[in-house]
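Listed below are the residues making up each chain.
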Amino acid sequence: MEGRKQPSRMTYGNYLRLEEMLDLQEGPSDYFPKPCNDEKHFIIVHQAFELWFKLVITELKQVHTLMSTEHIDEDSMPKIVHHLKRVSAVFDLMSQQWKVMETLTPQDFLSFRDRLGTSSGFESWQLRQIEIILGLEHQQRDAGMDPLHHMQKLQQEGKISSQVLDEFNTALESPSLNELLKKWLYRTPINGSFVDDNDDQSMVSDYIESHLSAMNKHSESVIAHFESIGHGDASSLRGRLEKSVLSAKEFLCPGGKVNRSRAGLLFIESYRELPLLAWPRVLIDSFVELEEAILLFRNSHARMVERMIGRRMGTGGSSGVDYLDATLKYRIFVDLWTVRTILVRRDLLPDVANSEFYGFNSQR
Ligand code: HEM
């Protein structure tokens, strides 16, 4: 069949652009001598992580789009959860991947470590982008190290493209997932009351008051139990428990003003069994699971680093393990963690008003 063009055949290598990808493990083009076996291992492990980071960003952007609508569609909930679960699975996997890195001995690492110069995972802009999309705030970071300022410096030196910095700035300017989550929680119907209802403010204030009085009841039962077993001093225990009720009040009404997002969050967490709250609770759990997975990932990196370089300074100029351990204190979804401290035993909780709205009559 002369002159007729054969349809091009898709191949595995062509689909994955495998040759290009597998050509990238030799270090920079002018790198000499070429990486030894251990160094190649070091490069491949890093590249594998960066590929996973890329997937994480793609998934989080999808979640961002789904959560950016004025009202999050009910149909979107399972999709958001699906993407978040994938991200958590990737972080779980990455937590295990440090084991591969640990097959490098500290001494073998030292044989090429100086070649890295000041390059460091600290310059991984994909991890920074993940943090920004999720909502890690600048002031929450370890004060001694400022990765965003460092990125700007690298861009000025021509070490990263302006496209990378633009991506960054776009993420910084968009609401974070934490902000979108709070916006969604703000609209939670509380005791059947909607945010736009005329008497919503008093309904929400009453709800908060009833929860705080349930906390007080809970405290009394804890004190009675401790007294009955002769464990601890009742008056100091009472002081501590009263303090925790006061901090619960400050959490729910900072500066005396009701925070409806937090009240909504508390309502969902307290009445988890209500059918209408099933997806909201799964969504909240997915965010908690994700943040936990990220912390475990950070922790296992820090432990691998401690094993590899002890208490040496990092190539990026940080204190090394001390810096990495400080990042374990980072919490993005602060409210989701705090609410756990103020939950009350189910049998002491006030009954839900207008419970039929949530799917069934919740008399317990
Ligand atoms: C021998 C292996 C490794 C050692 C000794 C090591 C050491 C360090 C140290 C000391 C830091 C703190 C910043 C600095 O001063 O450099 C750091 C940060 C970092 N490393 Fe590693 N690392 C290793 C492997 C990896 C791998 C395989 C990845 C995967 C991408 C990675 C990703 C990161 C990231 C993302 C940060 C920034 C953490 C943050 O600022 O929150 N590291 N690393």
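Up top is the structure these notes are about.
Visitor: Which residues make up the overall build of the chain, and what values do they have?
Guide: The number of helices and strands found in the chain is 15 helices and 0 strands. A principal-axis box enclosing the C-alpha atoms of the chain has dimensions of 75 × 65 × 35 Å. For the chain, with 364 residues in total, the buried portion stands at 22%. At a minimum sequence separation of 6, the contacts of the chain that also span at least 24 residues come to 71%.

Visitor: Talk me through the nonpolar core; I want residue IDs and the actual numbers.
Guide: Ranked by internal contacts, the top residues of the largest apolar core, which has 46 residues, are Leu60, Ile133, Leu177, Tyr207, Ala263, Leu266 and Phe267. Mapped by element, the contributors of at least two residues to this core are α3 (37-67), α4 (76-101), α6 (125-134), α9 (177-186), α10 (200-228), α11 (234-252), α12 (260-270) and α13 (278-309). Apart from residues lying up to four places away in sequence, Leu177 is in contact with Leu60, Val63, His64, Met67, Ile133, Leu134 and Gly135. Counting 5 residues, the second largest nonpolar core, distinct from the first, contains Ala302, Val305, Met308 and Val321.

Visitor: Run through the site of the ligand, naming residues and quoting values.
Guide: Taken together, 25 residues lie around the ligand, and Ser120, Gly121, Gly314, Gly316 and Ser318 are the ones closest in. Elements represented by at least two residues in the shell around the ligand include exactly α3, α13 and α14 (321-326). Split by residue class, the shell around the ligand holds 12 nonpolar, 12 polar and 1 charged.

Visitor: How would you sum up α6? Please name residues and give values.
Guide: Of all 10 residues making up α6, 9 are buried, and the element is well covered by its neighbours. The elements touched by buried residues of α6 are α3, α7 (147-156), α8 (162-173) and α9. Following α6 by one or two positions, Gly135 adopts a phi angle in the positive range, close to 120 degrees.

Visitor: Tell me about the packing of α7 against α8, residues and numbers included.
Guide: Two numbers describe how α7 lies on α8: the axes approach to 9 Å, and their chain directions differ by 155 degrees. When the interaxial angle is binned, α7 and α8 end up roughly antiparallel. You can see that α7 and α8 cross each other, and the crossing is left-handed. On the side of α7, the interface is formed by Met151, Gln152 and Gln155, while α8 contributes Ser162, Leu165 and Phe168. When the residues that make up the contact of α7 with α8 are grouped by side-chain class, the tally is 3 nonpolar, 3 polar and no charged.

Analysis parameters
Residues numbered from 1 in each chain as written. Predicted model: local features only at pLDDT ≥ 70, side-chain atom pairs only at ≥ 80, totals over all residues. Helix = DSSP H or I, 4+ residues; strand = E, 2+ residues; numbered from the N terminus. Buried ≥ 20, exposed ≤ 12 C-beta atoms within 10 Å, placed from the backbone. Contact = placed C-beta atoms within 7 Å. Core = buried A, V, L, I, M, F, W, Y, C linked by C-beta atoms within 7 Å. Near = placed C-beta within 6 Å. Nonpolar A, V, L, I, M, F, W, Y, C, P; charged D, E, K, R; others polar. Axes fitted to C-alpha atoms, helices over the stretch in contact; angles between N-to-C directions. Parallel < 35°, antiparallel > 145°, perpendicular 65-115°, else oblique. Left-handed = near helix turned anticlockwise from the far one by under 90°.

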